[in-house]
Amino acid sequence: MDRRRFLQGMATTAAVGLAAGRPGRAGTPDATATRAAPPPIRIPSAQAQLAGKQAIARFSQSGQDWQVLEDFSHPDGALALVCGDQACVLAKRTEAAYSEASTPYFGMRQADIALAGADLLADHLLSHGEPDEAQVRLAAPPVASQLNPADYYGRLPWTSFVGTRQCSDTMPVYTAGSTRTYHAEQVFAELHDAEKVARRREGLLGGWLPAVHKVVPLDDGRWYDVLVFADVDADDRFVVQTWHRTALVEHGRISRVVYGHSYPSYPPRREPPAAADFYAALLRFHDAWQAELAGAAATSLPVAGWDDMPRFAFARELVVRPGGSYPKYGAVDRDYYGNEYDGFQDTFTSSLYANLEWGRFEQAAAVLDEYFTDFVYADGLINMRGPETGQYGLTLSLLARYLHYTGDRALLLKHREKIQATATLLVQLHDESLKLPDTAPGHGLIHGWNESDSCLFPDPSLWWKPYYANSAMAARGLADLAAVWPSLQPGAGAQAADWQRRARMLRTQTEHTLRANVRHDLSPPYVGPLPGVSLTFRESLAHEHPSEQQWPHRAYAELLQADVLPDELANLVIDCMRGHGATSIGVVANIGPVDPHARDILGFISYGYAQQLLRLDRIDEYLLFLYAHRHHVHTPGGWTAGEVTGLDGSMPLFCMPAQMTIPLLLRWMLVSEDSAGDTLYLGRAIPHAWLHSGTSIACSALPTRWGKTGFALQLQADRHHLHGHVDMPPDAPDNAWLSLRLPPGRQWREVRADGRVLEAHPRGDRFRLPRHATGRLTIEAALA
């Protein structure tokens, strides 16, 4: 349900008892310590496409003279800072913050979409195979296109926010570009006109930099142009200092512009800053954020925006986390910036996962160290109100992945006792389940809360249940940790063997119990989130108050993410979800009591569902999830991701784990590996349209357990030949596959690597790369 409605409806908040002492901070590295910065990003002026750009300002910095040039022929014209033969170019890319669809929902009634068991929008978008991204975007009104002040308790609605690594708070940016301390409407009164502002376009300066760009059109050739970014030089602990440019552009020129810094003028002490000060600060802002993201893997993708989304997500994480490492679930509003959310496991696991997958090992280490220092007790419990049992298993799995990717034993050794205590907690919960009678529905399955909010109710024991996800995630975590534990704990072979044994037991019992509880009398067959229930989750939520099947979306997503079910059962679970009301536009739905006005999308934690779609080669559905998440979980252009988003264009509550979903999905689209650690997949979910565009698709330095990998592929102008290369990881596995996906009816005549014809998978669009190959392989392919 909507987070605000959920909190308003709570009658009692349970107190959380702490079973162990406060965790210590000894030896925690300072995430804000000075690091060696890479050289600033510059390009030769000759490549900056300066023709047609107007000179609007000059400034000096570090003894160098800079000129500012900008293209005002259209709202997305680039801004260039030029110094002699070098330039810093800041691109613009805005998206409409209003609905461009002539008929929303493809003409369906919103009530029919909400009430149906089947995901009607997904069915429509998948009816011809691979979904079309443009059609997915038009399926429902964009996020924040219909703003209701009641959702903000009467306050102005914000759609984005800015900040810096060093500041411990963030500054919201409202629809017209104002903040809580600087008001664009004081510069141009028309920016107070809600109807004009509703037709705005939003974006990020430089593609992904955390600088808000808003365009409010007036008429042909006239628009308001607003830029807002945080002052990277400010050292205030909580106050976010901000830079502002508010301009009126008329027929290719700025007719009036006002620059600002944080606050309105108070003459004679506080006057508007000069243009030179603004652009000098902009250059420093650009260089600071480029340095922050210098270590991330790189991509080059054919469709605008996709390259930028992961980088923006990682920049936003540094804005949200005080000092860059201390966890915060949300921003701005008490929900979710309150300290009661800081230890939320999903904030930790989504961050660690995404940073690892993009090679941001320094940030991954800082996040891991911070969490285990401040939020994990000596007995394995967490410093947070309501532990989620499944997330303990995911944590253990990610710790093993951290070691595979980084080889950093030292950090894991520092927290070895707490890691062991976390695994022991799962072992103890497993032992308790084995004491139950063999006839009990939950025999051999780990009981515990699956959702943190369970602890808020008068009787949290109602949700102390054997959700399948608890055992599935525990099986995954114990098995993955056991594989690396002897390298962290000498002489611990017996303990690792016991964890492996228990992982097998949990996996077997989960499969056995789930099979025994499938309802084949329903179509599609129905799988509940836990055994021993007779009602579907929709029936339970309607008739049982409270319902032990509340929050089934998390239970399903984690069950699938654990990847412990045979493919046949995993497919059955996905079919059940799509057929019985658990998805919305192809993304996991935020499941609550059926409401004719709502079929909300779950923006966070749902990535586990998508991951299983990919593993099962349900690629069309994976791409629908990816497109729907971008266009219906994120605000257009500014990309503020909501925890739960509706299909009505309202503005959701931001949460950081939702922001981390697109980086994970894009990474797996390009490079992924199987759960057993035996197989590497390259290009497994590249859309047909991207490959057929004739534009290069490339990625580099993406980490795997075998080392870093990447590739570049391009269909030639004749649309019959493909050329490219694959960079094999240093210790490539025997099973490494390259996918070259084609639309139905087309096939490859042959695919070669370094002149050698590659073996084709029965699918026909996947090819086995040479065993024991190292270095760069030249790829050539010809269509039949």
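Remember, it's a predicted structure, so these values are computed and weren't measured experimentally.

Rules of the game
- Residues numbered from 1 in each chain as written.
- Predicted model: local features only at pLDDT ≥ 70, side-chain atom pairs only at ≥ 80, totals over all residues.
- Heavy atoms only, no water.
- Helix = DSSP H or I, 4+ residues; strand = E, 2+ residues; numbered from the N terminus.
- Rg over C-alpha atoms; globule rule 2.2 N^0.38 Å.
- Contact = heavy atoms within 4.5 Å.
- Pairing = 2+ DSSP bridges.
- Core = buried A, V, L, I, M, F, W, Y, C linked by side-chain atoms within 4.5 Å.
- Buried < 20%, exposed > 50% of the residue type's maximum accessible area, 1.4 Å probe, protein only.
- Expected span 1.5 Å × (residues − 1).
- Phe/Tyr/Trp six-rings, centres within 6.5 Å; stacked < 30°, edge-to-face > 60°.
- Lys NZ or Arg CZ within 6 Å of the ring centre and 35° of its normal.
- pLDDT = per-residue confidence, 0-100.
- Axes fitted to C-alpha atoms, helices over the stretch in contact; angles between N-to-C directions.
- Salt bridge = Lys/Arg side-chain N within 4 Å of Asp/Glu carboxyl O.
- Polar contact = N/O pair within 3.5 Å; in protein donor to acceptor, adjacent residues only side chain to side chain.

Draft legend 1. Molecular detail of the overall build of the chain. A count of helical and extended segments in the chain gives 23 helices and 29 strands. Here the C-alpha atoms of the chain give a radius of gyration of 26 Å, agreeing with the 28 Å that 2.2 N^0.38 yields for 784 residues. Across its three principal directions, the C-alpha atoms of the chain cover 80 × 70 × 60 Å. Residue pairs in contact within the chain that sit at least 24 positions apart in sequence constitute 68% of those at least 6 positions apart.

Draft legend 2. Broad picture of the sheet that holds strand β27 (residues 759–760). Pairing in this open sheet of five strands is mixed, and the strands run β19-β20-β24-β28-β27 from one edge to the other. Of all the strands in the sheet, the pair left with one neighbour each is β19 (671–673) and β27. Where β19 lies against strand β20 (residues 679–682), three bridges are found, and the strand directions are antiparallel. Its bridge partner lying in β20, V671 is registered against L682.

Draft legend 3. The nonpolar core, seen in detail. Grouped together as the largest cluster of nonpolar side chains are 204 residues, with contacts concentrated most on Y279, W289, L670, F711, W748 and L769. The element that contributes the greatest number of residues to this core is helix α14 (residues 468–488), accounting for 13 residues. Excluding anything up to four places from it in sequence, F711 contacts L670, V671, L682, G683, I686, I697, A698, C699, H725 and V726. Counting 20 residues, the second largest nonpolar core, distinct from the first, contains Y182, F188, V212 and V226.

Draft legend 4. Region of the structure containing helix α9 (residues 345–357). Spanning 13 residues, α9 covers 18 Å between terminal C-alpha atoms, matching the ideal 18 Å at 1.5 Å per step. Across the 13 residues that make up α9, a large majority, 13, are buried. Immediately beyond the C-terminal end of α9, within one or two residues, lies G359, with a positive phi of roughly 75°.

Draft legend 5. Geometry of the packing of aromatic side chains. All told, the structure shown has 35 aromatic pairs when counted by the stated rule. Their ring planes at 10° and their centres at 4.3 Å tell us that F348 and Y371 sit as a pair that is stacked. Of this pair, F348 sits in helix α9 while Y371 sits in helix α10 (residues 361–374), and the two are 23 residues apart along the sequence. Both residues of the pair, F348 and Y371, belong to the buried class. Ring centres 5.7 Å apart and planes at 80° place the aromatic pair W449 and W464 in the edge-to-face group. With a gap of 15 residues between them, W449 in the loop between α13 (416–434) and α14 and W464 in the loop between α13 and α14 connect regions that are remote in the sequence. Chaining the aromatic ring pairs together yields one cluster made of F229, W243, Y259, F278, Y279 and F285. Over the ring of F161 we find R316; its NZ or CZ atom is 3.9 Å from the centre of that ring. The aromatic ring of W306 is capped on one face by R630, whose charged end is 4.8 Å from the ring centroid.

Draft legend 6. Main features of the confidence of the model for the chain. Across the chain, pLDDT averages 94, with 95% of residues at or above 70. Note that pLDDT drops below 50 for residues 6–34; the model gives that stretch 51 contacts with residues more than four away or on any other chain.

Draft legend 7. A look at the sheet that holds strand β10 (residues 211–219). Read across the sheet, six strands follow the order β6-β9-β10-β11-β12-β13 without closing on themselves; strand pairing throughout is antiparallel. Each edge of the open sheet is held by one strand with a lone partner, namely β6 (94–96) and β13 (253–261). Direction aside, the axes of adjacent strands within the sheet are offset by 20° on average. As defined by bridge partners, β6 adjoins strand β9 (residues 201–204) across three bridges and the pair is classed as antiparallel. Within β9, the position partnered with A96 by the bridge is R201.

Draft legend 8. Local environment of the pattern of salt bridges. Enumeration over the complete set of coordinates arrives at 54 salt bridges. For D453, the salt bridge goes to R385, with nearest N and O atoms at 2.6 Å. One end of the pair, D453, is in the loop between α13 and α14; the other, R385, is in the loop between α10 and α11 (389–406), and 68 residues separate them in sequence. Ionic pairing is found between E511 and R515, a salt bridge with its closest N-O pair at 3.1 Å. With E511 and R515 both in helix α15 (residues 493–516) and four residues apart, the pair spans about one turn of that helix. Judged by relative accessible area, which is 35%, R515 ranks as partly exposed. Among the ionic contacts, a cluster of salt bridges with common partners joins R93, E95, E133, D308 and R630.

Draft legend 9. Spatial organisation of the environment of Q166. Here Q166 shows up in the loop between β7 (158–162) and β8 (171–174). Apart from residues no more than four positions distant in its own chain, Q166 is found in contact with D231, V232, D233 and A234. Engagement of the side chain of Q166 in a polar contact is seen with the backbone oxygen of V232, the distance being 2.9 Å.

Draft legend 10. Examining the side chain of E130 more closely. The residue E130 is located in the loop between α3 (120–125) and α4 (133–137) in this model. Taking the relative accessible area as the measure of exposure, E130 reaches 18% and is therefore buried. For E130, the side chain forms a polar contact with the main-chain nitrogen of H688, separated by 3.0 Å. For E130, the contacting residues outside a window of four places in its chain are D620, L623, P687, H688, A689 and R741.

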